[in-house]
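What the coordinates show
Here is what each chain is made of, one letter per residue.
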Amino acid sequence: MAFDPDLADRLEAELRQQGVDPVRKRMFGGIAFLIGGHMSCGLVRGEMHVRVGPEAYAENLAKPGAREMDVTGRVMTGWVTLDGPEDLDDDALSSWVATSLDFVRSLPPKP
């Protein structure tokens, strides 16, 4: 398995705790969580990818443990990657989920 199933469960529980009903979708050899049809965050190969949006990108990139998301050889602005996400405590996980939801909730739902 290319992602930590226990961390996926924690992530899904936190998304639900913050008032959304995420959809799990296998993507890129890992798992992604979609909100209103939009990717919010995901797990693959020991990394967590968090969608933060273009306006909050620089601020979140400067946070400890965050780096540019580069999956295809091209940096994806608006997303950050966290290495070792299984080490995130509940408060840190909650904060990253809230940051992602701040952006994703601003997007119109996909049909």
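Up top is the structure these notes are about.
Here we summarise the structure given alongside this text. (Residues numbered from 1 in each chain as written. Predicted model: local features only at pLDDT ≥ 70, side-chain atom pairs only at ≥ 80, totals over all residues. Heavy atoms only, no water.)

**Points about the nonpolar core**
The biggest cluster of nonpolar side chains holds 25 residues, and the ones touching the most others in it are Leu11, Leu15, Leu43, Met48 and Trp96. Counting only elements with at least two residues in this core, the list comes to helix H1 (5-17), strand S2 (30-35), strand S3 (38-44), strand S4 (47-51), strand S6 (75-83) and helix H3 (90-104). Of all the elements, H3 adds the most residues to this core, at 6 residues. If sequence neighbours within four positions are ignored, Leu11 has contacts with Phe33, Cys41, Leu43, Met48, Leu93 and Val97. (Core = buried A, V, L, I, M, F, W, Y, C linked by side-chain atoms within 4.5 Å. Buried < 20%, exposed > 50% of the residue type's maximum accessible area, 1.4 Å probe, protein only. Helix = DSSP H or I, 4+ residues; strand = E, 2+ residues; numbered from the N terminus. Contact = heavy atoms within 4.5 Å.)

**Details of the pattern of salt bridges**
Throughout the structure, instances matching the rule amount to 7 salt bridges. A salt bridge links Arg24 to Asp9; the nearest nitrogen and oxygen atoms lie 2.6 Å apart. Here Arg24 is found in strand S1 (residues 23-27), whereas its partner Asp9 is found in helix H1, with 15 residues between them in sequence. For Arg24, a relative accessible area of 33% translates into the label partly exposed. In this structure, Arg67 and Glu47 form a salt bridge, with 2.4 Å as the shortest nitrogen-oxygen distance. Residue Arg67 is found in strand S5 (residues 66-70), and its partner Glu47 is found in strand S4; the two are separated by 20 residues along the sequence. Taking the relative accessible area as the measure of exposure, Glu47 reaches 19% and is therefore buried. (Salt bridge = Lys/Arg side-chain N within 4 Å of Asp/Glu carboxyl O.)

**Concerning the side chain of Asn60**
Residue position: Asn60 is located in helix H2 (residues 57-61). Overall, the relative accessible area of 2% leaves Asn60 in the buried class. Here Asn60 is in contact with Val52, Ala66, Val80, Trp96 and Thr99, once residues within four sequence places are set aside.

**Some remarks on the sheet that holds S6**
Taking strand neighbours across the sheet as the criterion, the 6 strands line up as S1-S2-S3-S4-S6-S5 in an open arrangement whose pairing is antiparallel. Of all the strands in the sheet, just S1 and S5 have a single pairing partner and so form its edges. Neighbour-to-neighbour, the strand axes of the sheet open up by a mean angle of 35 degrees, direction not taken into account. Contacts from H3 reach S2, S3, S4, S5 and S6 within the one sheet, and its direction differs from that of S4 by about 35 degrees. (Pairing = 2+ DSSP bridges. Axes fitted to C-alpha atoms, helices over the stretch in contact; angles between N-to-C directions.)

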